[in-house]
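# Geometric and topological summary
What follows is the residue order along each chain.
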Amino acid sequence: MRILVVEDEPKVARALTRGLRFEGYAVDLVGSGDDALVHLRTHEYDAVILDVMLPGPDGFAVCRAMRANGVWAPVLMLTARDQLDDRISGLDAGADDYLVKPFAFSELVARVRALVRRGAIPRPATVTIADLVLDPAARTVSRDGVDIALTAREFSVLEFLTRRPGEVVTRTQLLEHVWEYHFAGESNVVDVYVARLRRKLDRSEESIIQTVRGAGYMLRAP
């Protein structure tokens, strides 16, 4: 397994390289955003460990450029920043995971293993299903070129469904991933939000969000 480490702090870079090689990974080390982009154009990697604060293009820019060029190697971002907005920016740029400095090396290795197991998963900047276009970074939705205003929760429900087109998504999955807790007991909150989305999205009698009786919902183009 080959990993690209992009880190400009010499002490951190040496520690990461030494530790990952001890764990059995082949490691390439670069110290700038420009060098990272060169390596990503010329080599294939099983994962990328990417610092945010870099000379030249920063980690966000490198990650966006990777995804724009169709490079889907999993990215673990490293940064001393711990603000929520920075974490969101990293994920919106296409990162798969985020680790705030200082961190335990054992945790970094565990996260890298998880990313390598998952492998490269294409995640285009926008998700398009028939005439429905969803932009996770800009948090916009349109259908047949017409912008649709959604609340934050409605958007989250729709985004979860669009990431799994043609796949049955249960109410429990939506509750756990969109509401961020395991909802105890019976509730129709998911059904309420799906009904709202249908009113806003549908252009015909056949809904883009289909009910799978006894199972949940499925997003499928009419």
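Each remark here, short or long, concerns the structure printed above.
Read on for an overview of the structure. What you see is a predicted model; the values in this text were computed from it and never measured.

## Considering the sheet that holds strand β6 (residues 127–129)
The sheet built from 4 strands is open, its strands ordered β6-β7-β8-β9 with antiparallel pairing. Both outer strands of the open sheet, β6 and β9 (146–148), are each paired with one neighbouring strand and no more. Geometrically, the sheet is characterised by an average inter-axis angle of 20 degrees between neighbouring strands, direction not taken into account. In terms of strand pairing, strand β8 (residues 140–143) meets β9 through 3 bridges, oriented antiparallel. Directly across from Arg 143, in β9, lies its bridge partner Val 146. Running at roughly 110 degrees to strand β7 (residues 132–135), helix α6 (residues 152–162) makes contact with β6, β7 and β8 of the sheet.

## Side note on helix α1 (residues 10–22)
Its 13 residues give α1 an end-to-end C-alpha distance of 18 Å, which sits within 8% of 18 Å, the value for a rise of 1.5 Å per residue. Listed as buried for α1 are Ala 13, Leu 16, Thr 17, Gly 19 and Leu 20. If you follow the buried residues of α1, they end up packed against β1 (2–6), β2 (26–30), β3 (47–51), β4 (75–79) and α5 (105–118). In the segment just after α1, Gly 24 is the residue with positive phi, at about 100 degrees.

## Comments concerning the nonpolar core
Counting 24 residues, the largest nonpolar core has Val 141, Leu 174, Leu 201 and Ile 209 as the members making the most contacts within it. Where this core is concerned, the elements lending two or more residues are β6, β7, α6, α7 (171–178), α8 (189–201) and β11 (216–219). Sequence-distant contacts of Leu 201, that is, excluding residues within four places in its chain, are made with Leu 132, Val 141, Arg 143, Ile 148, Leu 158, Ile 208 and Ile 209. Among the nonpolar cores identified, the runner-up in size contains 21 residues, and Tyr 45, Val 52, Val 62 and Ala 73 belong to it.

## Regarding the packing of aromatic side chains
By the definition in use, this model includes 0 aromatic pairs. Between Arg 164 and the ring centre of Phe 160, over which it is positioned, the NZ or CZ distance is 3.7 Å. The ring centre of Tyr 193 lies 4.7 Å from the NZ or CZ of Arg 196, which sits over that ring.

## Here's the deal with the pattern of salt bridges
In a structure, side chains of opposite charge can pair up when their charged atoms sit close to one another. For the coordinates displayed, the defined rule picks out 12 salt bridges. The closest approach of N and O atoms between Asp 28 and Arg 2, which form a salt bridge, is 2.8 Å. Here Arg 2 lies in strand β1 and Asp 28 lies in strand β2, a separation of 26 residues in the sequence. Looking at Arg 2, the relative accessible area reads 34%, which means it is partly exposed. A single network of salt bridges, built from pairs that share partners, joins Glu 7, Glu 9, Asp 51 and Lys 101.

Here is what the cut-offs are and how they apply
- Residues numbered from 1 in each chain as written.
- Predicted model: local features only at pLDDT ≥ 70, side-chain atom pairs only at ≥ 80, totals over all residues.
- Heavy atoms only, no water.
- Pairing = 2+ DSSP bridges.
- Helix = DSSP H or I, 4+ residues; strand = E, 2+ residues; numbered from the N terminus.
- Axes fitted to C-alpha atoms, helices over the stretch in contact; angles between N-to-C directions.
- Contact = heavy atoms within 4.5 Å.
- Expected span 1.5 Å × (residues − 1).
- Buried < 20%, exposed > 50% of the residue type's maximum accessible area, 1.4 Å probe, protein only.
- Core = buried A, V, L, I, M, F, W, Y, C linked by side-chain atoms within 4.5 Å.
- Phe/Tyr/Trp six-rings, centres within 6.5 Å; stacked < 30°, edge-to-face > 60°.
- Lys NZ or Arg CZ within 6 Å of the ring centre and 35° of its normal.
- Salt bridge = Lys/Arg side-chain N within 4 Å of Asp/Glu carboxyl O.

Don't take any of this as a statement about function, it's just geometry.
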